[in-house]
Amino acid sequence: MIYANGMTVNAGGGGGGGGGSAKSTEFTGSGNFTMGANTQLLRVILIGAGGGGGSGGTSGADEDCTGGAGGGGAGKRELVLTRADVLAAYPTGVVPVGIAAGGTAGASVTNAGAANGNNGGQGGDTTFGTIATAYGGGGGGGGKGSAAASIGGAGGSQRYKGSTASASGTYG
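Residues numbered from 1 in each chain as written. Predicted model: local features only at pLDDT ≥ 70, side-chain atom pairs only at ≥ 80, totals over all residues. Heavy atoms only, no water.

Q: It is not clear to me how the overall build of the protein should be interpreted in this structure. Could you clarify?
A: Each helix and strand in the protein was counted, giving one helix and nine strands. Listing each helix as α and each strand as β along the protein from the N terminus yields β-β-β-β-β-β-α-β-β-β. Every one of the 172 residues in the protein was classed for burial, and the buried ones make up 40%. Counting contacts in the protein only where the partners sit at least 6 residues apart, residues at least 24 apart contribute 65% of the total. (Helix = DSSP H or I, 4+ residues; strand = E, 2+ residues; numbered from the N terminus. Buried < 20%, exposed > 50% of the residue type's maximum accessible area, 1.4 Å probe, protein only. Contact = heavy atoms within 4.5 Å.)

See below:
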């Protein structure tokens, strides 16, 4: 979501330029943000994509197995930029916006004996050009073909992508 006064946008719907009133646009797919001639401040909110869940394990006769763990939640980044901030990085005022894809689910296991499941994929990163990034969550761990516990994915943060099958992540 990008909030600005007097902005125009080339993707995701949204208002035209002019006036001093605040306008907003939500990007649901990648595109370009074009800063309006009267825009002085931008409030940018970015949300990465969540990690995919792991697939469940299979067990042999008289054995327990575990289901796959859930993927980590996405990171969020929120910032306020001045016109000068944007023009320093993008002199034309046109900033590419990249919208993240969610992590893929762990591939299923069809083994008749004891087998571990597969990890889910990491969620993608959402970007406002090279100015800001919201990182995706880690993929969930695959289920175990024994009674061992599965480990979920770590959540994304403002500075780091979440780790797959990790009980802890790097935050900041």
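Text resumes after the structure shown.
Q: Hey, could you run me through the nonpolar core in this one?
A: A general feature of soluble globular proteins is that nonpolar side chains tend to end up buried together. Counting 15 residues, the largest nonpolar core has Phe33, Leu42, Val44, Leu81 and Phe128 as its most contacted members. Going through the elements one at a time, β5 (41–47), β6 (76–82), β7 (94–98) and β9 (132–134) are the ones with two or more residues in this core. Residue contributions to this core peak at three residues, all from β5. (Core = buried A, V, L, I, M, F, W, Y, C linked by side-chain atoms within 4.5 Å.)

Q: Would you mind going over the pattern of salt bridges with me for this structure?
A: If the charged atoms of two oppositely charged side chains come close together, the side chains can form a pair. The final tally for this structure, using the stated rule, is two salt bridges. Taking the shortest distance from any N to any O, the salt bridge between Arg43 and Glu78 comes out at 2.4 Å. Taken together, the positions of Arg43 in strand β5 and Glu78 in strand β6 put the pair 35 residues apart, joining distant regions of the chain. Taking the relative accessible area as the measure of exposure, Glu78 reaches 36% and is therefore partly exposed. Put simply, Glu78 and Lys76 hold a salt bridge, and the shortest N to O gap is 3.5 Å. (Salt bridge = Lys/Arg side-chain N within 4 Å of Asp/Glu carboxyl O.)

Q: Can you help me understand the packing of aromatic side chains in this one?
A: Aromatic ring pairs are described here by two measures, namely the spacing of the ring centres and the angle between the planes. Counted by the stated rule, this structure contains one aromatic pair. When the ring of Phe33 is compared with that of Phe128, the centres are 5.8 Å apart and the planes differ by 55°; the resulting orientation is tilted. You can see Phe33 sitting in strand β4 (residues 31–34) and its partner Phe128 sitting in strand β8 (residues 126–128), a full 95 residues away along the chain. A relative accessible area of 0% places Phe128 in the buried class. (Phe/Tyr/Trp six-rings, centres within 6.5 Å; stacked < 30°, edge-to-face > 60°.)

Q: So what exactly am I meant to see when it comes to the environment of Gly123 here?
A: Its place among the elements puts Gly123 in the loop between β7 and β8. Setting aside residues up to four positions removed in sequence, Gly123 forms contacts with Ala49, Gly50, Gly51, Ala101, Gly102, Gly103, Gly136, Gly137 and Lys161.

Q: How should I be thinking about the pairing of β7 in this particular structure?
A: Pairing geometry for β4 and β7, over four bridges, is antiparallel. Within β7, the residue paired with Thr34 across the bridge is Val94. Of the strand pairs in this sheet, β7 and β8 are connected by two bridges, and their pairing is antiparallel. Bridging from a neighbouring strand, Gly98 pairs with Thr127 of β8. (Pairing = 2+ DSSP bridges.)

Q: Whenever I open this one, the environment of Thr127 confuses me. Can you help?
A: One can find Thr127 in strand β8. Placed 27 residues apart in sequence, Thr127 and Ala100 show a C-alpha to C-alpha distance of 8.1 Å. The contacts of Thr127, once residues within four sequence positions are left out, are Leu46, Pro96, Val97, Gly98, Ala132 and Thr133.

Q: Help me understand the confidence of the model for the protein in this model?
A: In the predicted model, the protein carries a mean pLDDT of 80, and the fraction of residues at 70 or more is 81%. Confidence drops under pLDDT 50 across residues 6–19; counting only partners more than four residues distant or on other chains, this segment forms 50 contacts. (pLDDT = per-residue confidence, 0-100.)

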